[in-house]
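Residue strings, one per chain:
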Amino acid sequence: MEELHLHDVSVRFGGLQALSEVNFSLMPGEIVGLIGPNGAGKTTVFNVITGVYNASGGDVVYGGESLRGLKPYQVLAKGIARTFQNIRLFQNMTALENVMVAQHSRTNCGVLGAIFRTPAQKREEQKIKTRAMDELRFAELEKFADEVASSLPYGHQRRLEIARALASDPSTILLDEPAAGLNPAESSELMETIRKISARGINVLMVEHDMKVVMGICQKLVVLDHGVMIAKGNPEEIQKNPAVIEAYLGN
Ligand SMILES: Nc1ncnc2c1ncn2[C@@H]1O[C@H](COP(=O)(O)OP(=O)(O)OP(=O)(O)O)[C@@H](O)[C@H]1O
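Residues numbered from 1 in each chain as written. Predicted model: local features only at pLDDT ≥ 70, side-chain atom pairs only at ≥ 80, totals over all residues.

Per an unreviewed UniProt entry, the chain goes by the name Branched-chain amino acid transport system ATP-binding protein and belongs to Desulfovibrio gilichinskyi.

Next up, the structure:
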């Protein structure tokens, strides 16, 4: 299991300092929440970790190695998967197909194998399908394996995105507002899924505005405001922190 460390990470977009020397760590199996007002820089943190943006200062270190200069697919290959603020499923594909797609970067059969459907190709396909079904079961979605993604309720689509990310076999998962748009029952199911992810030893870093979810499952919180890390601590400490109340929780 790997540790993720952000060391003095800064990001600048032209004249805008989106992140200023952000420092925090994610230890194996830990659930960490990244919170703060709109525009605070939370998604930018995800984009720096996953190689979408380059840091203008500082470094992101995973499992003892710098991620500097890596492309998103290379960061994924290192074991960091993510979900997005807006659901990004293949809406016309089934739930099972959506999860199977996540593993194709890991198949060994080349183009010829795919065209001629060699025995090796068929075995590989079966392995991918079995793994995808395991992840659907984990997310309690196996009943919906053959349903097209667009027909699933919103809460199921969110969990399907998580199942797809898990199928890439990550050691860390970044969840961008996983509870957005969910009703209370769906939020509870989501919290249960996230707890189970952590119990598998996978590190979870989540951006979330739903305080019931954040305070309910995160062991540690990191609070950003205008790109600056204004607090870090456990949920009780954060709820009492005057700077956090002023910038975020108070309103
Ligand atoms: N590609 C970009 N180019 C220019 N500015 C950007 C870019 N991405 C983000 N920003 C700016 O950086 C700041 C931080 O944005 P970010 O999306 O990280 O905030 P956030 O905390 O995730 O907000 P929200 O809660 O609304 O999702 C904002 O002022 C945003 O407009």
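What follows continues from the structure just given.
This paragraph deals with the site of the ligand. Neighbouring residues of the ligand: Phe13, Leu16, Ala18, Gly36, Asn38, Gly39, Ala40, Gly41, Lys42, Thr43 and Thr44. For the shell around the ligand, the elements supplying multiple residues, two or more each, are strand S2 (16-26) and helix H1 (42-49). Ranked by residues supplied to the shell around the ligand, first place goes to H1 with 3 residues. (Near = placed C-beta within 6 Å. Helix = DSSP H or I, 4+ residues; strand = E, 2+ residues; numbered from the N terminus.)

Turning to the packing of helix H6 (residues 154-166) against helix H7 (residues 184-199), a few remarks are in order. The N-to-C vectors of H6 and H7 enclose an angle of 15°; their axes lie 10 Å apart at closest approach. Overall, the two elements H6 and H7 adopt an arrangement that is roughly parallel. Seen along the crossing, H6 lies across H7 with a hand that is right-handed. Contacts between H6 and H7 involve Gly155, Arg158, Arg159 and Ile162 from the first element and Glu186, Glu189, Leu190 and Thr193 from the second. Looking at the contact of H6 with H7 residue by residue, the class counts come to 2 nonpolar, 2 polar and 4 charged. (Axes fitted to C-alpha atoms, helices over the stretch in contact; angles between N-to-C directions. Parallel < 35°, antiparallel > 145°, perpendicular 65-115°, else oblique. Left-handed = near helix turned anticlockwise from the far one by under 90°. Contact = placed C-beta atoms within 7 Å. Nonpolar A, V, L, I, M, F, W, Y, C, P; charged D, E, K, R; others polar.)

Moving on, we come to H6. The terminal C-alpha atoms of H6, which comprises 13 residues, lie 19 Å apart, in line with the 18 Å expected from a rise of 1.5 Å per residue. Burial runs high along H6: 11 of the 13 residues are buried. Those residues of H6 not exposed but buried are His156, Gln157, Arg158, Arg159, Leu160, Glu161, Ile162, Ala163, Arg164, Ala165 and Leu166. Next to the buried residues of H6 lie strand S6 (80-82), helix H3 (95-101), helix H5 (119-138), strand S7 (172-176) and H7. (Expected span 1.5 Å × (residues − 1). Buried ≥ 20, exposed ≤ 12 C-beta atoms within 10 Å, placed from the backbone.)

Our focus in this paragraph is the nonpolar core. Core analysis: the biggest nonpolar cluster contains 68 residues, and Ala95, Val99, Ala163, Ile173, Val204 and Val223 have the highest contact counts within it. For this core, the leading source of residues is H6, giving 5 residues. Looking at this core, you find at least three residues from each of domain 1 (1-79 + 170-251) and domain 2 (94-167). If sequence neighbours within four positions are ignored, Val99 has contacts with Ala132, Glu135, Leu136, Ala163, Arg164 and Ala167. (Core = buried A, V, L, I, M, F, W, Y, C linked by C-beta atoms within 7 Å. Domains from an automatic or database assignment.)

When the domains of the chain are assigned, the result is domain 1 (1-79 + 170-251) and domain 2 (94-167). On a C-alpha basis, the centroid separation for the pair domain 1 and domain 2 is 27 Å. Listed by partner, the interface residues are 11 residues for domain 1 and 10 residues for domain 2. Here the element with the most residues in the side of domain 1 that touches domain 2 is H7; it accounts for 5 residues. Its residues assigned to classes, the side of domain 1 that touches domain 2 shows 6 nonpolar, 2 polar and 3 charged.

Moving on: unusual backbone geometry. With a phi angle near 65°, Asp169 is a residue other than glycine that sits in the positive phi range. The topology assignment puts Asp169 in the loop between H6 and S7. Note on Asp169: 16 C-beta atoms within 10 Å, which makes it partly exposed. Its identity as a non-glycine residue notwithstanding, Glu177 has a phi of 50°, on the positive side. With respect to the element layout, Glu177 can be found in the loop between S7 and H7.

Right, let's talk about the environment of Glu135 for a bit. Position of Glu135 among the secondary structure elements: in helix H5. According to the C-beta neighbour criterion, Glu135 is buried, with 24 such atoms within 10 Å. Sequence spacing of Glu135 and Val99 is 36 residues, and the spatial spacing of their C-alpha atoms is 7.8 Å. Excluding residues within four positions of it along the chain, Glu135 makes contact with Val99, Ala163, Leu166 and Ala167.

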